[in-house]
Structures are given as C-alpha cells and as structure tokens.
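Structural characterization, general
These are the residues of each chain, in order.
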Amino acid sequence: MGAFDIVLMIVILAGAAWLLYRSLWKKKGHCPGCDGGGCGDK
Amino acid sequence: MTEQTPHTANDAVSSAAPRPLVVAVAGNPNVGKSTLINAIAGTRLQVGNWPGVTVEKKEALFEHNGRKIRLVDLPGTYSLSPYTQEEIIARDYLVKLRPDLIVNVVDATNLERNLYLTVQLMELGIPVVMALNIYDEAEAKGYRFNLHGIETMLGVGVVPTSATRRSGLTELLDKVLETAAQPADHAPRILNYGDDVETAVALLGDTLRREHPALFALYPERWLLLRLMEGDERLRQEINLAQDALPEEIFHHLRRGHGEDLEALMADARYSQAAGLAREVLFKKEERRVEMTERIDRVVLNRFLGIPIFLAAMWLVFKLTFDLSKPFGDWINDMAGGPFKHWTTVLLGLVGAPDWTVSLATEGVISGVGFVLVFVPVIFMMMFFITFLEGSGYMARAAFVMDRAMHAMGLHGKSFIPLLLGFGCNVPGIYATRTLENPRDKVLTALLIPLMSCGARLPVYVLFVGAFFPNNPGTVIWSLYVLGIALAIVMGVFFKRTLFRGEAPMFIMELPPYRMPSFTSLCLHTWEKGKHFLIKAGTYILAVSIFVWFLLNLPWGVEHKKDSYLGQAGQVMAPVLSPLGFGTWQAASSLITGVIAKEIVVGTMGEIYAPKKGEQKKPEASFGEDLQEIAVSFGKAVKESASNVVSTFGVSSLAADEKEDRGPLKATIQQTFTPLSAYAFMVFVLLYMPCVVVAIAMRQEFGSWKWFGVAFAYQSALAWGMAMIVYQGGQLLGWGV
C-alpha cells in the first residue's frame, strides 16, 4: 500500500465522516416535514 | 409565534406597490379548506410550517381583478379556545396579526357544528366571508339554504363553493374584494348572548377602559372582554393582568344565575346561536336517508367487528404491498448485482483505480446501498396503501376503534395519530407528539412509537421472509406489525401503572366522511412520505456502507472478515445473542451497524456476505446487451407484479410461478438461520433500541437524553426477552427445524 492509497483512503473516510455528520447530526436525519421547514429549528 | 406581520411576511411586492390584501382562511378540520386553497392558489402555494411547530402553514400570493391577495391558511380548529397547538396558532394569528379579512370555510353538510367557530370569528370584529363549501354534496342530500338569511343574520358575506369541483371560487374572490373595499359596511353583527352576559361584558368594558385603556389598542374589544369573562388564563398572563384586577362583583350575578363555570356558559351561548341560526337558514328533507358513510360505519365501528376489520385491512395492505413490490425489488437486486457492479468495475479499471477501491465500490457501496435500494419499492408501495387508507377516511376510524385500547394504556385516541405516523418512520411520529396537550401523554406516546414497525425495518423482514417464508410473506410481516402493536399496548399498561399514573383526558374524535382520494394526491403524498428513504440511502447509509467496508477490511490485508474489526466486535456480542438462535458474528455485526438506521442491517449483511470478485460467475455482456436486459427484465417485473395482484385475490391459476432463482444473500442466510431463528431475528430487529435519528428527535423534544435512555433500556430488554421466548419456546414446541 503506497502513499497514494493512504491519502485516498483518508479522503474517502473523511468524506464519509462529513456526510454522516452532516446528515445525522447537523441535519438531524431526514423525516417527512423537513422540507417544509418545520424541523428547521430542531 | 415569532415576530411577523401579515402584511410583510414573504411579500414579493415592492414597497411602492399597494400592499396585498391579507386574507386568513379559517375553518374546522376536514371541511375541504386545503382543497379550496389549492384550487384557488394552485402552483402559487407555498407550503411551510408555522414557526417553531410542525403544524403545516400554507400561503399564497396572487392577483385577482388587479388586486394582490395573500391567502394564509390557518390550522383547522373547532374553536379559538387556547387548548391545542392548532387553536393557539389560529387564535394568535387572528388576534395579534389581524388580517384584513377572514374567509371562513364551512362544511355545508354539517352547518350547525361549523357555525360555532363562525360565531367566535365574528367576535373578532374582522370582516368575514363564509365559503359554504361541499355545497354540491349538501344539495345532493336534499339540503336547502337561505343564503340571504345567513348574510342578514350574521352580517357576513356567503358564497356557496365546491372546492373539489372548483365551483364558486371566482365568486368567492369577488366577494372578498367587495367586502374588503368597504370593510366598515361589512363588519360582522354583534350577536346577543343574553342580557346577563351582555350586562357583564358592558360593565367589564367600562372597568377596563378606565383602568387599562391600552389593552383595547392591542386586542379586538369584544373578543378581549368575552375571553376575560370566560377566565382565559393564557390571555390574562399574556396581558399581565392579576386575577383580582377583574372586579368580581361583575361576575357574581352571572355565577349565581348560571353556575360557576363561565366558560361553559359562553360555550352554551354560542352553541345556542349556532343551533338557532342553522334552524332558521337550513331546510332538510323530512325523511333522512341513511348515508353511505353511516352504513359503512355501522360495520367498521362495530364494537366487536371494529378491531378484527382493522387487523384484516392491515393484513391486506401487507399482502398487496409484498405481492406488488417484490418483482420490482428483485429487478433492482438483479440490476445492482449484475450490470451495475460489472460496469462500475470496468469503469474503475479504465481510470486505473487501485484494486481495493473496486472492492470498496462493489462490495461496500453497491452491496450496502444497493441492498437497501432493493426495498424501496416495498416501502413506497406500503406508503401508498397507508396514504390511501388515510385519504379514504378509514385511518380516522382505525384511531376510533383503537381508542379503547389506547385508554387501557392511559392514552386517548389522539395519541394513535403519532403512533400511526410511526409506521412510516418513527421520527415524524416523535415530532407529532407535539400536538398532544399534556407532557405526560407526549412522553408516554414517544416511548411507545419505536415499537411501531417503521418502513426502515421492512427491508429486513422482506429479506428474511423471502428466504424462509416464501409461501405466506404477507402474513408473517403482518404478524410482526401486530406484535409491535400488542407490545405497545402491554408496555403502555405497564408504564401507566409505574412511571405515568393517571387517567387520559377525554377527546372528541373527528370522523370525516368516506371519500375516494384522487390518484394524483395519493402519488404526491406517497412521494412525500417515501422520499426520505431515498435521501437516507444517498447520505448516511452510503457513509455507513463505506465505514462498514473499512471495518470489514481492517486491519489491512485481513484474510477472513471474521478477523476484521467489525467481525471482532460481532464476536464479542454474539454470545449474548446465542440463546436467541442467531449467535453468529455476522448477525451481531449487522445489528451493531443497524443502530444507525434499521435498514443498514441488510446493507451490512450484503457487505458481509458479498461474494469476492473471483466468486462472481456472471458472464460478460456488452453495454447494449445489458441495457436491453434491464428493459426486458423491468417489463417482466411489471407483468409479474400484475399477476401477483390477481393471485392475491385468489385466482391462483393466473399467478406467476414462484421464482426459484434466489440471490446470493438469501442463499447464504438460509445456511446460517433456520425459519425459527429467522423469525426470532426479525422480532429482535422490530424491538431493539431505536435508531440514532429517533434518539436525536427524543433528545430535542424532551430536552434531555433521559427518555431516550428509558426507551433504550426497556426496548433492549424487551427485544432480547421476546426473541428468546420465540426461539426457545419454538424449540420446546418442536419448531426449531
């Protein structure tokens, strides 16, 4: 495993972590109603 | 409510232009208010929520005869008393933001009951135009109205409308403009509530004018006086008025003559006005035929037949859902496992991607996300049927027949609505507990919602029933839903006797007439309910699939998945699951990742059991051949789905043959589970801890992790106990084969 593999792996993991943080914690998941703005203050 | 004025909110007009006419649309629930607004506003409708709550808010800005009109849809309420969230929103808007005019949508088939709200709206002194809606149905029933009589007696404009047929809408808007042009000439009449009440109101008015004159600039005068006389605690606190600031001698005479409860006295006075008016202006045929709704309700709401009919309806929903959607699920599975995987591998090879990224894409992302997407047709089909039952009016009956069971749990029928929402997704169910009045009901309902089997659990059931119960999949899935409901009742009774002592308040439940929902509205609502599963697949299920792949492949170069980090974690947990019949590291690992979202259980299984590249035996095909195969197999899925509908209703000779070709995941779990342990596993998935998003929702609604902690603890114990009873009990009975 070379340096490129390690960098690529870190980028992918960081991307996944960011996606997870954004969708689970920052946006607090998705539910019907989120689009309506009712969950905007949640 | 947040600071906002009716005249500036979201205005798209320049400050130089005349401000739009602000029209609030008020009415009882189920009077066709939304249909009316949709028919008037069409695509100009903006759907949002009232600030801080999950009650939907619709607004539209449009022009009629050269005048800009802003329509604001208020929540459906029976009165303006400050008891429910909907009532508070409607009342705050009308009293504090004072629209130019109110369109009061009234159900013409139910005039008397609707007039109660009309009488309260008139107390605000804002011009009212009444949309006498569902007028066509009322006429068909033989009802005749004296429209001029209503206008004269109430001092409001009246326009017959039929929102579903889009009739009377132009006339309604014309009447709105006509009324708004001369508001002083169209003030609602002041109804006389009797000498005693009117004397008390006048005396109270004199006192307040003398001592608190500023109040009349803030609130409509008659409304303020009547509410204070009724003892409106919320209003009194809002205006900072001490109880003893109101001269008791004014009310003394009223209390002596009419009893202590002045709120009940006023309700009586308003009902009398409503009933009197209805008698004067509505003429019904003498012989009242039994309505279709009534005839159906005699059976559906029967105290002995009600619950069996509800269970039978749910069974039919699951059977149809499974039969109709299965071919499409199989099609997605074949596409994801075949051409999609193949061409991803080819594409990554072309760009010279490292080998491990090919494995990550095919065995991680495509196996993980793909296995969840396979179940999207099932989820959408289920949402479609549930939407149909809601739109037809049957779900309200289901809540009614379940009311007795709800009372056994110390809850009333209104709590059934958040619980029903929980069948789609537990998260909106948790947020919907905001509509319940007291905190005890909110918490108790929220604790029971995770026992309602949400759509995310369906993929697990579908996978396992497909592998172990192919002859009666609908019945097995139905049994899991019924088990969830039954355990919710048991746990409700338990909580009622331990953590939440006390009786549930009484609640009047609205039973709308049966209606055939339109196909377009069914599709729109189904999409609204189901789309977040697609969003989940593209966001955190994708992210978790990537993590799972790494956890299955680290430490780097690990030979067997069992020795990976995830495999090791699964091995630690597996002994705990052994008495339940699925003490394998694969099952344990899937359950660990399923904590994020329940459908990830199958996604993880897809990754764990994904065949290595060398094991795939799919013959190479050209891109064109693959495209052709995709189209042909989709056509086959449509045909098979149609055949399954026929077989659902018992014409089995026309049904398609059972597909023998099972996916590799099904084949593998058939080797590691038995039908009994598979059922125990499904019971465990149904009951074990709520997913992370539910945990976050609970934390937000109740301000701490305490109630999620309670849910986590009791559900973990319940899941383990029930799965153990199923597996060990089944073995004792000799079913463990």
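All values derive from a computational prediction rather than experimental measurement. (Residues numbered from 1 in each chain as written. Chains lettered and ligands numbered in written order. Predicted model: local features only at pLDDT ≥ 70, side-chain atom pairs only at ≥ 80, totals over all residues. Heavy atoms only, no water.)

Another aspect to go through is the overall build of chain B. A count of helical and extended segments in chain B gives 33 helices and nine strands. Within chain B, buried positions represent 56% of all 737 residues. Within chain B, residue pairs in contact and separated by at least 24 positions form 75% of the contacts whose partners lie at least 6 positions apart. Surface summary for chain B: the accessible area is close to 31700 Å², and the carbon and sulfur share equals 60%. (Helix = DSSP H or I, 4+ residues; strand = E, 2+ residues; numbered from the N terminus. Buried < 20%, exposed > 50% of the residue type's maximum accessible area, 1.4 Å probe, protein only. Contact = heavy atoms within 4.5 Å. Areas by Shrake-Rupley, 256 points an atom, 1.4 Å probe, with all protein chains shown as cover.)

All names here are of chain B. With respect to the element layout, Phe 304 can be found in the loop between α13 (292-300) and α14 (306-350). Here Phe 304 falls in the exposed class, since its relative accessible area comes to 65%. Considered as a pair, Phe 304 and Val 401 are 97 residues apart in the sequence and their alpha carbons are 9.7 Å apart.

Attention now moves to the UniProt feature "transmembrane region" (unreviewed entry) in chain A. In the numbering used here, UniProt assigns the feature "transmembrane region" (unreviewed entry) to residues 6-21 of chain A. Helix and strand shares over residues 6-21 of chain A are 100% and 0% respectively, and the end C-alpha atoms of the span are 22 Å apart. (UniProt positions renumbered as here; feature names shortened; annotations may be inferred.)

Below, the discussion takes up the side chain of Arg91(B). Note on placement: Arg91(B) falls in helix α2 (residues 85-97). For Arg91(B), a relative accessible area of 2% puts it in the buried group.

This brings us to a nonpolar patch on the surface. A cluster of nonpolar residues, Met1(A), Ile6(A), Ile10(A) and Trp556(B), forms a patch on the protein surface that exposes about 410 Å² of accessible area. With respect to the helices, strands and loops of the structure, Ile6(A) is situated in helix α1 (residues 3-26). (Patch = residues over 30% accessible without salt bridge, like charges linked within 9 Å, V, L, I, M, F, W, Y side chains within 5 Å. Salt bridge = Lys/Arg side-chain N within 4 Å of Asp/Glu carboxyl O.)

This paragraph deals with the pairing of strand β1 (residues 21-27) of chain B. Residue and element names in this part refer to chain B. Burial analysis of β1 places seven of its seven residues in the buried class, which makes it a mostly covered element. Pairing analysis gives five bridges linking β1 to strand β4 (residues 67-73), with the strands arranged parallel. In the sheet register, Leu 21 faces β4, and the bridge partner there is Ile 69. As paired elements, β1 and strand β5 (residues 101-107) share five bridges and run parallel to each other. Bridge pairing links Ala 24 to Ile 102 in β5. (Pairing = 2+ DSSP bridges.)

With seven of nine residues buried, helix α19 (residues 416-424) of chain B is to be regarded as a mostly interior element. Regarding α19(B), the residues found buried are Phe416(B), Pro418(B), Leu419(B), Leu420(B), Gly422(B), Phe423(B) and Gly424(B).

All names here are of chain B. One pass over the structure, following the stated rule, counts seven cavities of 30 Å³ or more. Here the largest cavity defines a volume of roughly 110 Å³. Lining the largest cavity we find 16 residues, and of these Cys 454, Ala 456, Lys 536, Cys 691 and Val 694 sit closest to its centre. Residue assignment for the lining of the largest cavity shows that the elements contributing at least two residues are α20 (426-432), α24 (519-538) and α32 (692-702). Here the lining of the largest cavity is built from residues that sort into 10 nonpolar, three polar and three charged. (1 Å grid on protein atoms, 1.4 Å probe; cavity = no way out; pocket = protein on both sides within 12 Å on 5 of 7 lines; lining within 4 Å. Points joined across faces, edges and corners; volume = space filled by probe spheres on them. Nonpolar A, V, L, I, M, F, W, Y, C, P; charged D, E, K, R; others polar.)

Attention shifts here to the nonpolar core. Residues and elements named next belong to chain B. One finds Leu 448, Phe 464, Phe 582, Ile 669, Phe 673 and Phe 681 to be the most contacted residues of the largest nonpolar core, which totals 137 residues. Apart from the residues within four sequence positions on either side, Leu 448 is in contact with Met 409, Leu 411, Leu 419, Ala 488, Met 491, Gly 492, Phe 495 and Tyr 714. With 65 residues, the next largest nonpolar core counts Val 95, Ala 138, Leu 215 and Leu 277 among its residues. (Core = buried A, V, L, I, M, F, W, Y, C linked by side-chain atoms within 4.5 Å.)

A word on the UniProt feature "transmembrane region" (unreviewed entry) in chain B. All names here are of chain B. Look at the UniProt record and you will see "transmembrane region" (unreviewed entry) annotated at residues 299-318, 365-389, 443-469, 475-495, 533-552, 678-698 and 705-727. Across residues 443-469 one finds 63% helix and 0% strand; the C-alpha atoms that close the span lie 37 Å apart. Segment residues 533-552 splits into 95% helix and 0% strand. End C-alpha atoms: 25 Å apart.

On to α32(B), then. Along α32(B), the residues classified as buried are Val693(B), Val694(B), Ala695(B), Ile696(B), Ala697(B), Met698(B) and Phe702(B). One or two residues past the end of α32(B) sits Gly703(B), with phi positive at roughly 75 degrees.

Residue and element names in this part refer to chain B. On inspection of all chains with the given rule, the structure shows 20 salt bridges over all chains. A salt bridge links Asp 92 to Arg 234, with the shortest nitrogen-to-oxygen separation between them at 3.6 Å. Residue Asp 92 is located in helix α2, and its partner Arg 234 is located in helix α10 (residues 233-238); the two are separated by 142 residues in the primary sequence. Given the relative accessible area of 7%, Asp 92 is considered buried. Each of Arg 91, Glu 123, Arg 227, Glu 230, Asp 232 and Arg 270 takes part in a single network of salt bridges with overlapping partners.

Let us look at unusual backbone geometry. Residues and elements named next belong to chain B. For Ile 134, which is not glycine, the phi dihedral falls at a positive 55 degrees. The exposure class assigned to Ile 134 is buried, which follows from its relative accessible area of 8%. Positive phi outside glycine occurs at Arg 166, with the angle close to 60 degrees. Looking at the element boundaries, Arg 166 is found in the loop between β8 (157-160) and α6 (169-181). The class of Arg 166 is exposed, set by a relative accessible area of 55%.

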